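Okay, here's what each chain looks like letter by letter:
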Amino acid sequence: MHGRKLMYMNPTAAALINWVVPGASYIFLKERVAFGWLLIAALVISIIAEVLLQYADPIVYGFNTLALLYSTTPAGISLEVLTFTVWGIPFGYDAYVIARRKSMPPHELPLS
């Protein structure tokens, strides 16, 4: 196909890869790559926030295996808000890109 190498991937493998590392299949398949990288960034930031939450609110964290929405300290609450905000960014970006593409006249659409 015009010198482009076709990429095949088992759909089940793609789903499992995305389940383990959200966004990885998008990058591997070269489809919606920015969305994939944003998901991976959100995952990394969430993991870092979860580790920091143990120190920001150790009493609450000690009683809950999932401390989400239970923090009582300003630092803990800030980390929870950061985590929720970070996970919303990739989906907002993806919706923006799709809406922008759908609002373009057909003669202005990118070729890929």
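In this numbering scheme, every chain counts its residues from 1 along its sequence in written order. The predicted nature of this model means local features are confined to residues of pLDDT at least 70 and side-chain atom pairs, given and counted, to a pLDDT of 80 or more, with totals for whole chains, interfaces and linings taken over all residues. For the side-chain quantities, the full set of heavy atoms in the structure was used; hydrogens and water were omitted.

A.B. asks: Could you clarify how one ought to interpret the packing of aromatic side chains in this entry?
C.D. replies: Any two aromatic rings considered together are summarised by their centre-to-centre distance and by the angle between their planes. Aromatic rings from Phe, Tyr and Trp, with only the six-membered ring used for Trp, were paired whenever their centres fell within 6.5 Å, and each pair was classed as stacked if the ring planes differed by under 30 degrees, edge-to-face if by over 60, and tilted otherwise. This structure, assessed with the given rule, holds two aromatic pairs. A centroid spacing of 5.1 Å and a plane angle of 70 degrees characterise the contact between Tyr26 and Phe35, whose relative ring orientation is edge-to-face. Partly exposed describes any residue whose relative accessible area lies between the buried limit of under 20% and the exposed limit of over 50%, with all areas from a 1.4 Å probe on protein chains only and scaled to the type maximum. The exposure class of Phe35 is buried, given its relative accessible area of 3%. Here Phe35 and Phe91 contribute two aromatic rings whose centre-to-centre distance is 5.5 Å and whose plane-to-plane angle is 70 degrees, an arrangement assigned as edge-to-face. Of this pair, Phe35 sits in helix α3 (residues 33-56) while Phe91 sits in helix α5 (residues 74-103), and the two are 56 residues apart along the sequence. Where helices and strands are cited, they refer to DSSP runs of H or I of at least four residues and of E of at least two residues respectively, numbered from the N terminus.

A.B. asks: Please clarify how the environment of Thr85 should be interpreted in this entry.
C.D. replies: Looking at the secondary structure, you find Thr85 in helix α5. Separated by 43 residues in sequence, Thr85 and Ala42 have C-alpha atoms that sit 9.1 Å apart.

A.B. asks: Looking at this structure, how should I read α5?
C.D. replies: Along an α-helix, residues three or four apart share an orientation, since each turn contains 3.6 residues. Between the first and last residue of a helix there are one fewer steps than residues, each counted as 1.5 Å, and that sum is the expected span. An ideal rise of 1.5 Å per residue puts 44 Å on 30 residues; α5 measures up with 42 Å between its terminal C-alpha atoms. Buried within α5 we find Gly76, Leu79, Glu80, Thr83, Val86, Pro90 and Asp94.

Read these as layout, nothing more, since geometry by itself doesn't imply function.
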